[in-house]
Amino acid sequence: MPDPTIVLRVWRQQGSDASNGRFETFEVQADPRRDSVLDVLERTWAEQDHTLVFRHACHHASCGTCTLLVDGRERLPCVTALHDVWDGRSSMTLEPLRNVPVVADLAVDPGVMLTRVAGLPLPYVRAVEADARSASGVTDDADVGTAERFEDCLECLACVSACPVASGDPDYLGPAVLAAADRAIEEPRSGDPARILDLVNTEHGIWQCRSVWSCSAVCPAGVDPAARIMSLRRRVWRGDHRSGSAP
Amino acid sequence: MSGPSLRPRRFAGRPPGALPGYVPGADIPTDDQRASSRAGSMWLVKAATGVLLVVFLGTHLVAQHFLVEGGLRDYDAVVAYLRHPVALVAELGLLVTVIVHAALGVRAVLVDLLPGERALRRATWIIGMVAMVSLVYGIGLTLVVLGG
Amino acid sequence: MTRAGVRRRATAWMTPRWRDPGWYAFVLNRFTGLILVAYLLAHFVVLSRLTAGSEGWNDLLGLFGSRPFLVGDVLLVSAVIFHGLNGVRVILLTLGRGTRRSGLMFGVVLVASAALAALAAWGILFA
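Read on for a plain summary of the structure.

**Overview of the interface of chain A and chain C**
Chain A puts 22 residues into the contact, and the matching count from chain C is 20 residues. A total of six residues in the side of chain A that touches chain C trace back to one element, the largest contributor, which is helix α10 (residues 225–238) of chain A. Classifying every residue of the side of chain A that touches chain C by side-chain character gives 10 nonpolar, eight polar and four charged.

**Regarding the packing of helix α3 (residues 85–113) of chain B against helix α4 (residues 117–147) of chain B**
Residues and elements named next belong to chain B. Packing of α3 against α4 leaves a shortest axis separation of 10 Å and a crossing angle of 165°. With respect to each other, α3 and α4 are oriented roughly antiparallel. Along this stretch, α3 crosses α4, giving a crossing that reads as right-handed. Residues E91, L92, L95, V96, I99, A103, V106, R107, L110 and V111 of α3 lie in contact with α4, whose contacting residues are L120, A123, T124, I127, A131, S134, L135, G138 and T142. Of the residues belonging to the contact of α3 with α4, the class tally is 13 nonpolar, four polar and two charged.

**Focus: the packing of helix α1 (residues 21–47) of chain C against helix α3 (residues 67–94) of chain C**
Residues and elements named next belong to chain C. Contact pair α1 / α3: the axes reach a minimum separation of 9 Å and the direction vectors enclose 130°. It follows that α1 is oblique to α3 by the angle criterion. You can see that α1 and α3 cross each other, and the crossing is left-handed. Listed contacts from α3 to A25, L28, N29, T32, G33, I35, L36 and Y39 of α1 are L76, A79, V80, F82, H83 and N86. Its residues placed into classes, the contact of α1 with α3 shows nine nonpolar, five polar and no charged.

**Details of the sheet that holds strand β4 (residues 73–75) of chain A**
Residue and element names in this part refer to chain A. In space, the five strands of this open sheet follow the order β2-β1-β5-β3-β4, with mixed pairing throughout. Two strands bound the open sheet, and with one partner strand each, they are β2 (22–29) and β4. Along the sheet, successive strands turn relative to each other by an average axial angle of 30°, direction set aside. Pairing of strand β3 (residues 68–70) with β4 involves three bridges; the strand directions are antiparallel. Pairing of L68 across the sheet is with R75, part of β4. Across the face of the sheet, helix α1 (residues 37–47) comes into contact with β1 (5–12), β2, β3 and β5 (92–95) while running at roughly 95° to β2.

**Thoughts on the nonpolar core**
Nonpolar side chains in soluble globular proteins generally cluster together in the buried interior. Residues and elements named next belong to chain A. Counting residues in each nonpolar core, the largest one holds 85 residues, and the members touching the most others are L94, C159, A176, A180 and A181. Here this core takes eight residues from helix α7 (residues 174–186), the largest share from any one element. The residue makeup of this core includes at least three contributed by each of domain 1 (5–108) and domain 2 (111–124 + 153–238).

Each value, and the rule that gives it
- Residues numbered from 1 in each chain as written.
- Chains lettered and ligands numbered in written order.
- Predicted model: local features only at pLDDT ≥ 70, side-chain atom pairs only at ≥ 80, totals over all residues.
- Contact = placed C-beta atoms within 7 Å.
- Helix = DSSP H or I, 4+ residues; strand = E, 2+ residues; numbered from the N terminus.
- Nonpolar A, V, L, I, M, F, W, Y, C, P; charged D, E, K, R; others polar.
- Axes fitted to C-alpha atoms, helices over the stretch in contact; angles between N-to-C directions.
- Parallel < 35°, antiparallel > 145°, perpendicular 65-115°, else oblique.
- Left-handed = near helix turned anticlockwise from the far one by under 90°.
- Pairing = 2+ DSSP bridges.
- Core = buried A, V, L, I, M, F, W, Y, C linked by C-beta atoms within 7 Å.
- Buried ≥ 20, exposed ≤ 12 C-beta atoms within 10 Å, placed from the backbone.
- Domains from an automatic or database assignment.

Any functional reading would require information that these geometric values do not contain.
Structural data, given as structure tokens:
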């Protein structure tokens, strides 16, 4: 039996000006049992239109590059199975992320956000919460040291796209940066917690959040940025890391 | 700060202390100290007045509509009610709490809607004025009713 | 950062996020809040009638006790109930309670609001 055909609506836009943008429709074969959304997009590019612009890299939810809106919801298309989002009949709509400048079509420019996260700084490794060695009964292993793993956040900017506050205020630091700030204070490997808290304790920082919680709902990595923003607020109220200047 | 221009830029030099990967315009803008502590306090006041409103508004609704025959106080019943010191305190408490909560709430909505700092400051001033006028009006009205 | 056909920046928060309980809670909280502010101002205006003495005020009671007004009262009380309960939910979330269950908490708020509003409706319309 041949693969079914899916009607794919893809947002096309030249450059960062959305007023010349429009949807283009493709019909492409898709296997709901095997394909990811990214597979379908790549097949469309390969077989029908080489001018389609979109980003992708690792294909396994580690790099945070391919994030886009699938039927209006932020997803990583590389790990979104087609059968999870397609009923087999309707069309599927792909759009670039909201609240981030668009380079063209589905590709966005994450530059400002990523640089802010790196500038906090947010180190990319963290201590593991539970030590797997002790769980398995291994003790007294002085050579191994503290177990580490990568930070949860992929910097995929799904949270920024989902945030209605970010859509209204271009100066809002956003859930990605704020969650990174809380992590950088929680585990300060090379940073200055007092300085970082001062950076985010602003009208356009943690106090702009309206507790919508959409960011945490769409995060594919379990960062829970909303909870971290609340954590930052409590740090301020408790007077943690109070820097030298009087309030 | 609505995002970097995508035209290639001449690199004009990195500020001292800048981390690798520095991009001009990607710095986090800072408030002054007063603005930050104000923002944090405003949230606390909004939360506190909200909780107080459960008490004040609940009392008000019950006292105004469920303690009299027919559910609505006529003029004499209003005056009689306000003559009780506890009731008076409750009504004035409601007046202050609801005005403060409403003013902060409206301002929070405007923070998202207004385009810039100056518009926001002007709107905050207007909200403050409306709140003050309402407060004075409410207290004045209470005194007039009590007097007559 | 605007898109053709999408509402401009200031009202972008009104763009629906279907199946996202947090968005519904946020929008409902805003709308009930703004409705209540409008009602508050109208209420101040109405209360000025008290300065007209006994006749001036008592004349209004017939109107305020009429069916349409009572139904309006039910809607207003429902708005207050939802706004207050969701406000408590926001306070709890800010304190770090239930952050992994914010959607569930919204469901609880909705159910509790409906129950209390029904109670209020019974009290206002039938008691």
